Each structure stands twice: as structure tokens, then as C-alpha cells.
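# A closer look at the structure
Each chain, letter by letter, is given below.
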Amino acid sequence: MSSRCYEVHNTVHLDTCVFNETGPTFIYNSSLFPQKVLNNLHNCIIKASTFMFVPYVRPSKEYISGKWDLSVLDGPEIQLMRLLVEYINASVELMRSPYGSEWGVQLKNGTWTGLRGELFHRGADLVFCDITSSVEDHINFDDTKSHMTTAFTWAVPCAKTFPRWSSITRVFTASTWVSAVLTLIVSAVVLKFLASTRKGPENLAYKYLMYCLLLLYSMALGGGAPSHPQRSVVRLLFMCWLIFSFAINTIFQTLMISYIVDPGLQNQIETEEELVNSDLNYAVNTYLEKYLNEDMMRKLSPRYDCKEEVGCRMLGANKTNLAAIGGRIIMAYQADNLTGELGKLCMLKEDVLVLHIVMLTSKGHPLLEIINKVVTRVTETGLLEHWIKDIGSERPRETNLVTLHNNLTYLPMSVTHLQAAFIFLCFGLNVSIFVFTGEFIYNFIRNKYKRN
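## Regarding the packing of helix α4 (residues 174–197) against helix α5 (residues 209–220)
Axis separation between α4 and α5 bottoms out at 8 Å; the angle between their running directions is 130°. As the angle between them shows, α4 and α5 are arranged oblique. Handedness of the crossing formed by α4 with α5: right-handed. Across the interface between the two elements, Leu184, Ile185, Ser187, Ala188, Val189, Leu191 and Lys192 of α4 pack against Leu209, Cys212, Leu213, Leu215, Leu216 and Tyr217 of α5. Looking at side-chain class alone, the contact of α4 with α5 contains eleven nonpolar, one polar and one charged residues.

Take a look at the structure:
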């Protein structure tokens, strides 16, 4: 039957037009535009064209170099094509778009290159591969219903993380630390003054400034007091400091633990407004410029114009002062190949724009209605979303692309996380040893002079 796909067997009588007193009328009044292409093509060949563009079209596990058909390819749009071919019982001749002009542009003489040129010059019935819907395509071709959407956002260089040893000092700002130390000293002086000037019984230890200072410092760290004050006015100050210490200690411990788990990023760009106000350069695909408004294009200066999306991301991945725009799905899949030796790229939470992905046919193509029917059913069942999630599950958990949002993650504590605590512990031990050595030498010299 496939050998007779393009033969005309006979003519079909649709209706008869007769003339009477009221004018011309049709006898059967049947539709002049019935469905001429049935759902069963009896293994007839349809020509489709695409090219390798992961993750939409990518090699499968059975991929053989030099072979180019649906059996050795994979990806959401390849799987959609398989369902279409199976539904209409057809065979597919898969052509490959020439390298260097994959999607294609219109030349000055009116001809097209790439995938769009396949429809004009090589007689392709259908072309697909991450083709975003546009007015220009709608005028020159017939586009199918959208089967996917792709969100574009900015990929910016990730800021360096704060060193873990700074987890303790970063809890408060420098002015807060100075205020806390001054409050400790002033409170110790006032406590000593109240214990010394008031009449009545009072613990003699409170009359020494060093004791008051060490006592309040111990309470600030969450420790207890070896002796309690006896006078009411001293007890009032004691209770005020106790409440103050409890509040400060709770805040300190909470923030310190959060910084130990996640030190955070230094001056990370997280919003589009911060990006525009930064001193970064910008890389924008020339194809996407028509989707951005004039005000945004004026703000994006200085700007590199890239002719292909992959080139923009590669440019951004190899420059520490450049932000590149790209699709979330593609960046997430290709992140390990894009960042190179410069570390990680960070995607902003905000989407710059969202575009619809379609397939293209020539104007008035008879398969368009059937393709739209299949696309509608596949999208409504959620199969494409399932295929895209399968792509994400194949990637390793550790990736060079970071999405800027807060995630609750549970990590086992290691020595690396507790780096700040161990550094300050070693610092305290060294200070203690130094003081002990100094006291030992001082007492040794003093006793020696006393004997003489």
C-alpha cells in the first residue's frame, strides 16, 4: 500500500449544483471540505527534519554515529514524533538540518535556511526542534498547537560563599559587637558601683570590678553565677542582665547554626533589578531581542549579541563579569558543560519571558489538523511534562547550575561545617596556654625575688 501513497485512483463526487428560479443550489448540501486525509496512512512516508539539540532531541542509548532516525534518538519532541507516527500509521523519513544554520533565517532573496528551508527546498512535511512560536513564522508557515513552554531567565556568575570560619563573627555587624562589649563593660561598672556604695549586707565578690566583668560575661555565654546578689537594687540589675543575655544568646545560637549549615553567598545578584544596576555585561541571543521591550534593551548595556543560544551561555560561562539569558530546561541539562573552570552559574528566580514551542509545516499542509489533534491529547494527558521530568532525573544531583531559591535540605554535620567552632576553640586554648604560661613565669620571677 505504501507504494501507492501518492497515486490518484479516482475522482470523488461530492455534490451537484443545479440552477433554478431562486438561483444555484446544491442537491445534497454536503461539505465541500471534508477530511481528505484519514488517520490511517497505511505506512506512507512523511518527511520530517530536525537536528541534535539536547535535551529536546538527543542521542538515545542505542545511538549509532552516522545513523539518523527515530530509533537512535530520544527526547520529548522525538517521543512526541513517535506517538504521531504510530497514531497515523505512517513511516517517517527523518532528515537532518545542515550544521551552522539549524533553525534557519530568511535571506535577502526571500529564501530560507535551516529547518525552515527544509520546508521550502527539500519538501519536508514537518520540522521540529525547540521552535518558539512567533508572528513571523505564523505568516510564512503553519504552526501547530503549542506542545511545550520554555521559560527564559538570566544566568549570572555565582558569588563566592562566605568562609565557614566567619560563621561566628557574621552573626552580628561590627557596630553590634562593639555595642555589646561596651554594654558589658558599663554594666560591670554599674554593678560594682551599686554593690560598693549601698549600705547593707552584700557579697564581697561583687565589690571587685574584674569579678563583675567575668560574671556578666559568663551569663552572656549562658553560664551560671557562682554567687547571687543580696540587695534588691543589685538583684534588679542582675535580672535585667539575665534577660538581656538570654535574648542575645538565643539569637546568636540560631543565626550561628544557620550560617554553619549554609554560609551563604557574598553579594549575590538575585533579582532583575539588581542585575540591571550591577556592573555586569550582558549576552543576549539576537533571536530573543524581538521579545524584549525597548526599555529593557536600553538598560542592557554593554551588550554582546549572540547568534545562537548555546553561544550566549558559553560566553557567560567563561566570563566572570557577564550575564547570559537562556532557557531554564536547556541550562539545567547542559550546566556541567557550560561552566567550565569558573565554578557555578546561578539562575534568577524571575523569568524574563515564557515562549511556546511548536512544530512547523508548510502553508495548508493536510496533516496539520491530525498533528494538532495528537498534540492536544499528549499535552492534556501530561505526557510531555512527564518526559521533561525524566530528563531532569537523569542528571546528577550535584550540578554546576544553582537556582536562587530557599530549599530545606538536611545535611549531616561534619568537621567542615564546624570549622568556625573548632577555630575559636583552638584560639581559646592557645590564649589559655599563653595566659597560664605568663602567670607561671610571673609567679616564678616574683618568688625568686622574694627569696633574695
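That was the structure; now back to the text.
## A closer look at the pairing of strand β10 (residues 281–285)
Among the five residues that make up β10, five are buried, leaving the element largely enclosed by the rest of the structure. Of the two faces of β10, the one lined by Asn281, Ala283 and Asn285 and the one lined by Tyr282 and Val284 are each fully buried. Summarising the sheet, β10 and strand β12 (residues 322–327) pair through three bridges and their orientation is parallel. Along β12, the bridge assignment pairs Tyr282 with Ala323. Summarising the sheet, β10 and strand β11 (residues 303–306) pair through four bridges and their orientation is parallel. Among the inter-strand pairings, Val284 is bridged to a residue of β11, identified as Asp305. As a crossover connection, the stretch from β10 through helix α8 (residues 294–299) into β11 is right-handed.

## Some remarks on the packing of aromatic side chains
Across all of its chains, the model carries eleven aromatic pairs by this definition. For the pair Phe53 and Trp103, a centre-to-centre distance of 5.0 Å together with 85° between the ring planes defines the contact as edge-to-face. Here Phe53 is found in the loop between β3 (45–50) and β4 (58–59), whereas its partner Trp103 is found in the loop between β6 (91–96) and α2 (114–121), with 50 residues between them in sequence. The class for Trp103 is partly exposed, based on a relative accessible area of 23%.

## Structural notes on the pairing of strand β2 (residues 23–26)
Here four bridges tie strand β1 (residues 17–20) to β2, and the two strands are oriented antiparallel to one another. Note on β2: the bridge partner recorded for Phe19 is Pro24. Hairpin remark: β1 followed by β2, antiparallel, with two residues in the connecting loop.

## Quick word on the nonpolar core
Judged by nonpolar contacts, the single largest core of 45 residues is most densely connected at Met81 and Phe128. Listing elements by their share of this core, those giving two or more residues are β3, α1 (76–88), β6, α2, β7 (126–132), β14 (353–361), α11 (368–381) and α12 (383–394). Examining the composition of this core, we find that six residues originate from one element, α1, more than from any other. Apart from residues no more than four positions distant in its own chain, Phe128 is found in contact with Ala48, Ser49, Thr50, Val57, Glu77, Ile78, Met81, Leu94, Leu115 and Met359. The next biggest cluster of nonpolar side chains, apart from the first, holds 19 residues, and it includes Trp154, Met296, Ala323 and Leu348.

About the cut-offs
- Position numbers for residues start from 1 in each chain and track the written sequence from start to end.
- Totals for whole chains, interfaces and linings use all residues, but because this is a predicted model, local features are given only for residues with pLDDT of at least 70 and pairs of side-chain atoms are given and counted only at 80 or more.
- Computation of side-chain values: all heavy atoms of the structure, hydrogens and water removed.
- The convention used is that axes are lines fitted to C-alpha atoms, helices contributing only their stretch in contact, and that angles between N-to-C directions extend from 0 to 180 degrees.
- Under the scheme used here, helices are H or I runs from DSSP no shorter than 4 residues and strands are E runs no shorter than 2 residues, and both carry numbers assigned from the N terminus.
- For classification purposes, angles smaller than 35 degrees are called roughly parallel, those larger than 145 roughly antiparallel, those between 65 and 115 roughly perpendicular, and all remaining angles oblique.
- Crossings are assigned a handedness: left-handed for a near helix turned anticlockwise from the far helix by less than a right angle, right-handed for a clockwise turn.
- Throughout, a contact is declared for two residues whenever any of their heavy atoms are within 4.5 Å.
- The classification used treats Ala, Val, Leu, Ile, Met, Phe, Trp, Tyr, Cys and Pro as nonpolar, Asp, Glu, Lys and Arg as charged, and all other residues, Gly among them, as polar.
- For each residue, the accessible area found with a 1.4 Å probe, counting protein chains only, is set against the maximum for its type, and the residue is called buried under 20%, exposed over 50%, and partly exposed in between.
- Here, any two strands with at least 2 DSSP bridges between them count as paired.
- Crossovers are described as right-handed under a simple rule: with the strands pointing away from the observer, the path leading from the first strand over the helix to the second runs clockwise.
- The aromatic pairing rule takes the rings of Phe, Tyr and Trp, using the six-membered ring of Trp, and pairs them if the centres are within 6.5 Å, calling planes under 30 degrees apart stacked, those over 60 edge-to-face and the rest tilted.
- Only buried Ala, Val, Leu, Ile, Met, Phe, Trp, Tyr and Cys residues count toward a nonpolar core, and they belong to the same one when joined by side-chain atoms within 4.5 Å.

None of the figures reported here should be taken as evidence of function without further support.
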